[in-house]
Amino acid sequence: MTRETGETRNAALLTVEDAHVVYAARSGHLFRPDRVYALTGADLAIAPGETVGVVGESGCGKSTLARVLVGVEKPTSGTIAYRGRDLWGMPSAERRAVIGRHLGMVFQDPATALNRRMPVRRVLRDPLDVHRHGTPAQREERVRELMSLVGLPAQLADALPGQLSGGQRQRVAIARALALEPELVIADEPTSALDVSVRAQILNLLLDLRERLGLAMVFISHDIQTVRRMSDRVITMYLGRIVEEAPAAEVTDRARHPYTRALFSATPGLLDPIDPIPLSGPVPSATRPPSGCPFRTRCWRADAECAATMPDVTANGDAEGGAHRFRCHHPVAGDEPTRTLVLEATRTTPAPSAPPEHP
Ligand SMILES: Nc1ncnc2c1ncn2[C@@H]1O[C@H](COP(=O)(O)OP(=O)(O)OP(=O)(O)O)[C@@H](O)[C@H]1O
Ligand code: SF4
Ligand SMILES: [Mg+2]
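Everything in this summary refers to the structure shown in the same document. These numbers were taken from a predicted model, which means no experiment stands behind them.

Turning next to the site of ligand 1. Taken together, 13 residues sit near ligand 1, with Tyr23, Ala38, Ser58, Ser63 and Thr64 positioned nearest. Of all elements in the fold, only strand S1 (14–28), strand S2 (33–46) and helix H2 (62–69) reach the threshold of two or more residues within the shell around ligand 1. Looking at the shell around ligand 1, the element that brings in the most residues is H2, giving three residues. In terms of residue class, the shell around ligand 1 is built from six nonpolar, six polar and one charged.

Given below as structure tokens:
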């Protein structure tokens, strides 16, 4: 769901067009494995300085999208461009240089993302050495600067990752991602492996760095309220597809896609709690996505049209705070309260049937 004006496109930092990622599944025949449709037809543009949040249930393709964005995974088809330059159309040395210098990635688990045998100083010097950043003295100075930037005491420079707390390790990982002053940082569940008590500190650090360094950010988390609070725009994914892209201010109450409304209804605000919108059945397998709209097997509004064709992108051009796009044949009205949808869905969603009795 790209922002399609030429002006915005030219200004974009990173653009993804019709990106697909298909994996060979572990299931199926040894020589004819099933295909996992991890990412399907993804379109997205990220502007300098903006934060794009990504939400969706486990397995919907968030990490796959993140890996494609940061250039560590080549899409099976489609293009990804940094400032208009096709990453996979350039020679590999050039691609590595562009990715290394301009795009940073923070992973979920700093314990596995950091080399256990490298002290902090070397972890942070490594990208500077690889990309021949300044003189050796300047690199040492940059290491000190990075540690101070992420709030790590200088005396930890010789510590190994195993000697650090989880929060300190994630600070090292963030400092490493920032070493070459990237314009965009992609954070995939950056706090979910951490103790609850340090999660807020790491989130605040990311927010603070974003402001101070003017970073663009892609932020992925299961905690969708945090994603909403941190982001300018929120992207909803379902079964490998981007099904909605909405300004963060609109995503809770004015989302147009039934799935986005259902997701956000399951995390009510404390002041006005409602029952969540009930959805029928499990998420279908990514090896056999349903025909038409991927959400149709669980959607209370689904009809024959939804089973027959994938909805095109509809754009609400007048949305405040940027583009609002969605793919749905029977979208929710922008002013329809979620409370009404709970009733509508309860009337049409069959109650879970009793398990079959054993003879
Ligand atoms: N290397 C791989 N080989 C085969 N299938 C894969 C591979 N990586 C991911 N998948 C599958 O691709 C789909 C998307 O996975 P992905 O990790 O992108 O989801 P996710 O939204 O990040 O999930 P989570 O919220 O659990 O992190 C899933 O069905 C997953 O099982
Ligand atoms: S297209 Fe149909 S099945 Fe898909 S979300 Fe819209 S109403 Fe539901
Ligand atoms: Mg993931």
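Next comes the rest of the account.
Glancing now at the nonpolar core. In terms of nonpolar packing, the biggest core is built from 89 residues, with Ile46, Leu69, Ala175, Ile186 and Val218 touching the most fellow members. Two domains each donate at least three residues to this core, and these are domain 1 (6–231) and domain 2 (236–348). Aside from chain neighbours lying at most four places away, what touches Ile186 is Ala66, Leu69, Val70, Met105 and Val218.

Right, let's get into the environment of Tyr37. Along the chain, Tyr37 falls in strand S2. With 23 C-beta atoms counted inside 10 Å, the residue Tyr37 sits in the buried group. For the pair Tyr37 and Ala24, spaced 13 residues apart in sequence, the C-alpha to C-alpha distance is 9.1 Å.

Turning to the environment of Glu211, a few remarks are in order. Looking at where Glu211 falls in the secondary structure, it is placed in helix H8 (residues 196–213). A count of 10 C-beta atoms within 10 Å places Glu211 in the exposed class. Taking the C-alpha atoms as reference points, Glu211 and Gly49, separated by 162 residues in sequence, lie 8.7 Å from one another.

In the neighbourhood of ligand 2, 13 residues make up the surrounding shell, with Cys293, Cys299, Arg301, Cys306 and Cys328 lying closest. Of the residues assigned to the shell around ligand 2, the class counts are eight nonpolar, three polar and two charged.

We now examine helix H11 (residues 258–265). Of all eight residues in H11, eight are buried; the element is thus mostly enclosed. Along H11, the residues that are buried comprise Pro258, Tyr259, Thr260, Arg261, Ala262, Leu263, Phe264 and Ser265. Looking at the packing, one finds that the buried side of H11 touches strand S3 (51–55), helix H9 (224–230), strand S9 (233–238), strand S10 (241–247), helix H10 (248–251) and helix H13 (338–348).

Below, the discussion takes up the pairing of strand S8 (residues 216–220). Among the five residues that make up S8, five are buried, leaving the element largely enclosed by the rest of the structure. With burial as the criterion, each face of S8 is covered, one bearing Ala216, Val218 and Ile220 and the other bearing Met217 and Phe219. With four bridges joining them, S3 and S8 adopt parallel strand pairing. Bridge pairing links Val54 to Ile220 in S8. Sheet analysis places strand S7 (residues 184–188) next to S8, joined by five bridges and oriented parallel. Each residue of the ladder has a partner; that of Asp188, found in S8, is Ile220. Each parallel crossover has a hand, and for S7 linked through H8 to S8 it is right-handed.

Another aspect to go through is the sheet that holds S10. Read across the open sheet, the eight strands follow the order S6-S7-S8-S3-S9-S10-S12-S11; overall the sheet is mixed. Sheet topology places strand S6 (103–106) and strand S11 (313–315) at the edges, where each strand pairs with a single neighbour. Strand-to-strand, the axes of this sheet are offset by a mean angle of 20°, without reference to chain direction. Where S9 lies against S10, six bridges are found, and the strand directions are antiparallel. The partner of Tyr238 across the bridge, within S10, is Arg241. Packing against the sheet, helix H7 (residues 166–178) makes contact with S6 and S7, and its axis sits at approximately 170° to S6.

The rules we used
Residues numbered from 1 in each chain as written. Chains lettered and ligands numbered in written order. Predicted model: local features only at pLDDT ≥ 70, side-chain atom pairs only at ≥ 80, totals over all residues. Near = placed C-beta within 6 Å. Helix = DSSP H or I, 4+ residues; strand = E, 2+ residues; numbered from the N terminus. Nonpolar A, V, L, I, M, F, W, Y, C, P; charged D, E, K, R; others polar. Core = buried A, V, L, I, M, F, W, Y, C linked by C-beta atoms within 7 Å. Buried ≥ 20, exposed ≤ 12 C-beta atoms within 10 Å, placed from the backbone. Domains from an automatic or database assignment. Contact = placed C-beta atoms within 7 Å. Pairing = 2+ DSSP bridges. Right-handed = clockwise from strand over helix to strand, strands pointing away. Axes fitted to C-alpha atoms, helices over the stretch in contact; angles between N-to-C directions.

Keep in mind that these numbers describe shape and distance, not what the molecule does.
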